[in-house]
Amino acid sequence: TMNVDNKAVWTLKKKEDETEQRSTATSVTLSNGGVLDAGSHPAEKYIVKVSSNSVDNDGTFTNGGIITLANKSYADKLTIEGNYVGNNGVLKTNTEWNLPGDENGANSQSDLLEITGDASGNTEVISVSKDGREKVIDGSIASIVADSHKISAPVVRVLGTDNGVTSSLAGT
């Protein structure tokens, strides 16, 4: 069990001798401003496995803090192998959304949180520009309201049952 609490920061770092950057715990809880930082040391892919026996993906990752993938890249990926509960947590990502977009997210790219299990609860998604401003989407999309039929690249992908609520706060 891992608890990241009271503004503590768990920083994932790239291991030069491994292709997959993997951490395993029976459960993970971020709370009271606790941070999982998967953006300071970019790697192609970070995996956090939550498991009762190191094999099954039956554990739970609870986000009542902050998960950040934000840096100057749109290609970071964090996979949570297991279930995810948003406890009014935050997910910070870099997203670029360019015209002409379409219903499939053409001309956009984004960091990605992938959850292999089920997801529930509430998580606020905050886009961070390359220059560090929060609630800003990089790119040439003029207005999210005017271009609402044009879809961005995925920011969160749930492979199990998605019972969660995400709210997105971003400007252009």
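Below: a short report on this structure. If you're wondering where the values come from, they're calculated on a predicted model, not measured in any experiment. (Residues numbered from 1 in each chain as written. Predicted model: local features only at pLDDT ≥ 70, side-chain atom pairs only at ≥ 80, totals over all residues. Heavy atoms only, no water.)

Burial within strand β6 (residues 46–50) is extensive, with 5 of its 5 residues counted as buried. Residues Tyr46, Val48 and Val50 point to one face of β6 and Ile47 and Lys49 to the other, with burial holding for every one of them. Bridging between strand β3 (residues 21–25) and β6 involves 5 bridges; their strand directions are parallel. The residue bridging Thr24 from the neighbouring strand is Lys49, located in β6. Pairing of β6 with strand β9 (residues 77–81), which is carried by 4 bridges, proceeds in the parallel orientation. (Buried < 20%, exposed > 50% of the residue type's maximum accessible area, 1.4 Å probe, protein only. Helix = DSSP H or I, 4+ residues; strand = E, 2+ residues; numbered from the N terminus. Pairing = 2+ DSSP bridges.)

Bringing unusual backbone geometry into the picture now. A positive phi angle, close to 60 degrees, is found at Asn88, a residue other than glycine. As for its placement among the helices and strands, Asn88 is situated in strand β10 (residues 83–93). Look at Asn88 and you get exposed, because its relative accessible area is 59%. Although it is not a glycine, Lys135 sits at a positive phi angle of roughly 65 degrees. Considering the arrangement of structural elements, one finds Lys135 in the loop between β14 (119–127) and β15 (156–158).

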